[in-house]
Amino acid sequence: MRLSLGAKFTITVTIILVATIAANTFYFLGTSARFHEQQLLERGRALGRLISLVSPDAILGFDFLLLNRYTREVSAVPDVVYGVIVDAKGEPISTYIDDKDPLIKKQIDAAGSKDLSPLLQKLDGQSGLVRLQFPITSNNVVLGRFLVGISRQSLENEFRRQLIVQSMVLAAIVLFLSVAIHVVFRANVLKPINKLIAASEDVSRGQFTLVETKARDELGVLARAFNVMTEAVKREQAKLHRQANFDGLTGLPNRMMAFDRIKQEISRAKRSAQRFAVFFIDLDNFKNVNDSMGHAVGDELLIAIGARVQACIRDSDIVARLGGDEFVVLAPDIASDAKAEELAERLIKAVSEPQLLAGRKVVAHCSIGIAIYPDNGESMEELMANADNAMYQAKSTRDGSAIFFTAEMNIRLRERMQMEQDLNLAVELGQLSLNFQPLFETDGQRHCGAEVLLRWHHPERGAISPASFIPLAEATGQIVSIGDWVLEQACRNWAKWHNAGIDPGFLAINVSRVQFRRRLSVRLTELMANFRIPSHALELEITESVLLDDHSQVAEELRNLRAAGLTLSLDDFGTGYSSLSYLKRFHFDVLKIDRSFVSGLPDDLDDVLLVKAILAMAKGFDLKVVAEGVENHDQLRFLASQGCDVVQGFLLAKPMNEAAYSNFLRSRKVEVNASQTGAAQHGYATGRST
Ligand code: C2E
Ligand code: MG
Ligand code: MG
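Conventions we followed
- Within each chain, residues carry numbers counting from 1 in the order of the written sequence.
- Both sets of labels track the order of writing: A upward for chains, 1 upward for ligands.
- Reporting in this predicted model follows two pLDDT cut-offs: at least 70 for local features of residues, and 80 or more for side-chain atom pairs to be given and counted; totals over whole chains, interfaces and linings ignore these cut-offs and use all residues.
- Side-chain figures throughout are based on the complete set of non-hydrogen atoms in the structure, without hydrogens or water.
- Nitrogen, oxygen and sulfur within 2.8 Å of a metal are treated as its donors, or within 3.2 Å for sodium, potassium and calcium (Na, K, Ca); water is not counted, so a site can appear incomplete.
- Elements are defined by DSSP. Helices are runs of H or I of four residues or more, strands are runs of E of two residues or more, and each kind is numbered from the N terminus.
- An axis is simply a line fitted to the C-alpha atoms; with a helix, the fit covers only the stretch in contact. Between two such axes, the angle follows the N-to-C directions and lies from 0 to 180 degrees.
- By definition, turning the near helix anticlockwise from the far helix through less than a right angle yields a left-handed crossing, and turning it clockwise yields a right-handed one.
- When checking whether two residues touch, look at their non-hydrogen atoms; a contact exists if any pair is within 4.5 Å.
- Only protein chains enter the calculation, and the probe is 1.4 Å; a residue is then buried if its accessible area is under 20% of its type maximum, exposed if over 50%, and partly exposed in between.
- Should DSSP find at least two bridges between two strands, the strands are regarded as paired.
- Any pair of nitrogen or oxygen atoms within 3.5 Å is treated as a polar contact; in protein, a donor-acceptor pairing is required on top of that, and neighbouring residues in sequence qualify only through side-chain atoms on both sides.
- A 1.4 Å probe that fits into a set of points on a 1 Å grid over the protein atoms alone but cannot get out defines a cavity; an open set with protein on both sides within 12 Å along at least five of seven lines defines a pocket, and lining residues are those with an atom within 4 Å of a point.
- Grid points are joined across faces, edges and corners, and a volume is the space filled by probe spheres set on the points.
- When residue character is reported, Ala, Val, Leu, Ile, Met, Phe, Trp, Tyr, Cys and Pro are called nonpolar, Asp, Glu, Lys and Arg charged, and the others, Gly included, polar.

## A few points about the coordination of the magnesium ion (ligand 2)
Reference values for angles at a metal are 109.5 degrees in the four-donor tetrahedral case and 90 or 180 degrees in the six-donor octahedral case.
Piece 1. Glu-451 (OE), Asn-510 (OD1), Glu-541 (OE) and Asp-571 (OD) make up the full set of protein donors to the magnesium ion (ligand 2), lying at 1.9 to 2.2 Å.
Piece 2. Positions of the donor residues of the magnesium ion (ligand 2) along the chain correspond to the pattern E-x58-N-x30-E-x29-D.
Piece 3. Separating the magnesium ion (ligand 2) from the magnesium ion (ligand 3) is a gap of 3.9 Å, which Asp-571 spans by donating to each of them. With Asn-510 in strand 15 (residues 506-511) and Asp-571 in strand 17 (residues 567-573), the pair connects residues that are 61 residues apart, well separated along the chain.

As structure tokens, then:
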């Protein structure tokens, strides 16, 4: 049984009270009984002494009448049930017996006669009777005895009465004290404790009520301590709430809170049949800022952008930071697409306002994807995914633009997912193959090697360009196994040609940024050893995006590759985020000018200036230059005149499959042999014959 504190306390107090008061009462009753017994005896003795004092004369004078009077006098004394004067022989001379007394009556009834001697004998030993006898003497001669019997009946009655009265008094006192103590205990202890309990329960429910702290006793101290603790919990709770719902850097709501608010907005918009818009904002090339100016500056930029976005939205709109360089704006009550567009423009403008960071003017751009409820999704997840989707579309279209989500994007997304699945099987089903596009020295047009280009022959969709599936494979991580297959296959081919006595030149293999992070040097060293390939036979084409990763790790891996004797080529130079400092820092051997700059040669002034500048700079850094995408003689002549080292392009040779490249190599061999005998000069014509 569970007893409350109040019940336990009251029961304990009641037991203590009952025990002490009862002990006290019994002690009092005992003392009082002994006192009364003493009095009874005193009374008997006084009577005895009186009778034995007055009786001798009457006995000596045989005055029985007087003796009878004496014994009658005895009967008047309360509680005396018999008084008998006997002579020296013990014969009764005068007798008084109260035969109405219950004890006497009982003995007479038992004996069946009122004979004195047997009656007195019977009464002997009765506990309800005090029996006394006093000698009656005259001049030291015993004349007889006075026998007196005093009943304890009234004494016992009195004791019983006292007991009842005392018990009732005891019960009343205990009851009163218990109630009084309980009331005082309740008011002074239970009530404050109950308040503390209620306040504690409130805290566990997340409500913070303070309790009264007026009392100066221990409960007052406890209440004050409780209040201090509650304040601390409240502060801690607020801190946790901030950490859980707000972004530590910008102070804006975070991903969690943004998702919550979108869900709330969905419920609201559903009830009121309204539309609202979600803007997914992603900064363009933010990593570049981080890499070139440091993370502290990157953080500063994010804070500034967060504040600017916040400033350009309405009070009812919400901006949150999803993490990294991603923000989301939730705009309730967007009546029309035009209004959403207006806001997107404002956001783009706000983000791209120049900002002075670490003494440098920084201009950030962003891409925005817009999803409208309910048109582009009825759940938070759907809206976010579609806004994200649209943002990616915006990014691939043009930096610093905003795009509405369209159903078409969903189709593209599904296609992408399908392609991802198909790509998983591509290696297994032998749908991948390698093409080789020959490279030529610009001065003598001597064939010097080939770029290895991946091909995917999809059973339904036909040939799929690497430009469309490599980025997907990079995003999904499939590039690791695919890239590994390319490396192995390229090495296998080189060894095969070499073993067949054909010089394949060097093979330039494209490697992805993702592969690069997986200890590429270890794998390549292994392959070169397995296939016995000299290091100068392999060149690695790396795009600038590789350099955007952790610099120290990239630098180390590049050092390892160089140590293994591999040639390093910076592909698509000029299209990405190249900074001249990269060239100096990472020690490339080759720069590959992207074909977008070659296409305008030699008429487009911009391309001419750019290619000239690249070539001049490359010379300065002692780098070899390869130009790709050479499609006509004018381009080739220009490049040759400017001192470009190697050329690649459809003019000279298109990418060809393994068999075709074998034939190409064989024909070159024949040609070289012929040229060695002075019979022929090699030219572009052979290169093109694929
Ligand atoms: P890239 O490394 O810049 O390769 C050169 C691309 O230019 C190749 O396209 C090639 O066919 C094309 N090309 C060469 N000469 C001409 C020309 O005269 N005119 C025109 N219009 N195009 C020319 P491809 O084979 O479609 O490859 C596209 C991109 O895919 C490559 O660009 C490379 O970045 C990537 N890639 C190809 N194979 C691999 C691979 O095995 N691994 C990785 N990671 N990426 C690869
Ligand atoms: Mg390449
Ligand atoms: Mg290229």
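## Topic: the packing of helix 9 (residues 295-312) against helix 10 (residues 337-352)
Piece 1. Remark: helix 9 packs on helix 10, axes separated minimally by 9 Å, with the N-to-C direction vectors making an angle of 145°. Once helix 9 is placed against helix 10, the crossing between them reads as right-handed. Residues Ile-305, Arg-308, Val-309 and Cys-312 of helix 9 pack against Leu-343, Arg-346, Leu-347, Ala-350, Val-351 and Ser-352 of helix 10.

## Details of unusual backbone geometry
Piece 1. Residue Pro-374 follows Tyr-373 across a cis peptide bond; omega there is 0°.
Piece 2. Counting through the fold element by element, Pro-374 comes out in the loop between strand 10 (365-373) and helix 11 (380-397).
Piece 3. The residue after Leu-601, namely Pro-602, is reached through a cis peptide bond having omega 0°.
Piece 4. For Pro-602, the location among the structural elements is in the loop between helix 19 (595-598) and helix 20 (605-621).
Piece 5. Even without being glycine, Phe-62 reaches a positive phi, approximately 50°.
Piece 6. Relative to the elements of secondary structure, Phe-62 occurs in the loop between helix 1 (5-60) and helix 2 (64-76).
Piece 7. Take Phe-62: its relative accessible area is 60%, and that puts it in the exposed class.

## A look at the sheet that holds strand 4 (residues 141-151)
Piece 1. Strands sit in the order 2-1-4-3 across an open sheet of four strands; the sheet is antiparallel. Each edge of the open sheet is held by one strand with a lone partner, namely strand 2 (92-97) and strand 3 (129-138). The mean inter-strand angle of the sheet, taken between neighbouring strand axes irrespective of direction, is 10°.
Piece 2. This element, helix 2, spans strand 1 (80-87), strand 2 and strand 4 of the sheet and lies at about 25° to strand 2.

## Examining the side chain of Thr-250
Piece 1. For Thr-250, the location among the structural elements is in the loop between helix 6 (218-245) and helix 7 (255-272).
Piece 2. At a separation of 2.5 Å, a polar atom in the side chain of Thr-250 contacts the side chain of Asp-247.
Piece 3. Look past the residues within four positions of Thr-250 in its chain and what remains in contact with it is Leu-302, Ile-303 and Arg-321.

## Comments concerning empty space enclosed by the protein
Piece 1. On inspection of all chains with the given rule, the structure shows two cavities of 30 Å³ or more.
Piece 2. The wall of the largest cavity is formed by Leu-29, Ser-32, Ala-33, His-36, Leu-155, Glu-158, Phe-159 and Gln-162.
Piece 3. Taken together, the elements giving at least two residues each to the lining of the largest cavity come down to helix 1 and helix 5 (153-204).
Piece 4. As a volume, the second largest cavity reaches approximately 40 Å³.
Piece 5. Ala-258, Arg-261, Ile-262, Ile-318, Val-319, Ala-320, Val-328 and Leu-330 together form the lining of the second largest cavity.
Piece 6. Breaking the lining of the second largest cavity down by element, the ones donating at least two residues are helix 7, strand 6 (318-323) and strand 7 (326-332).
Piece 7. Its residues assigned to classes, the lining of the second largest cavity comprises seven nonpolar, no polar and one charged.

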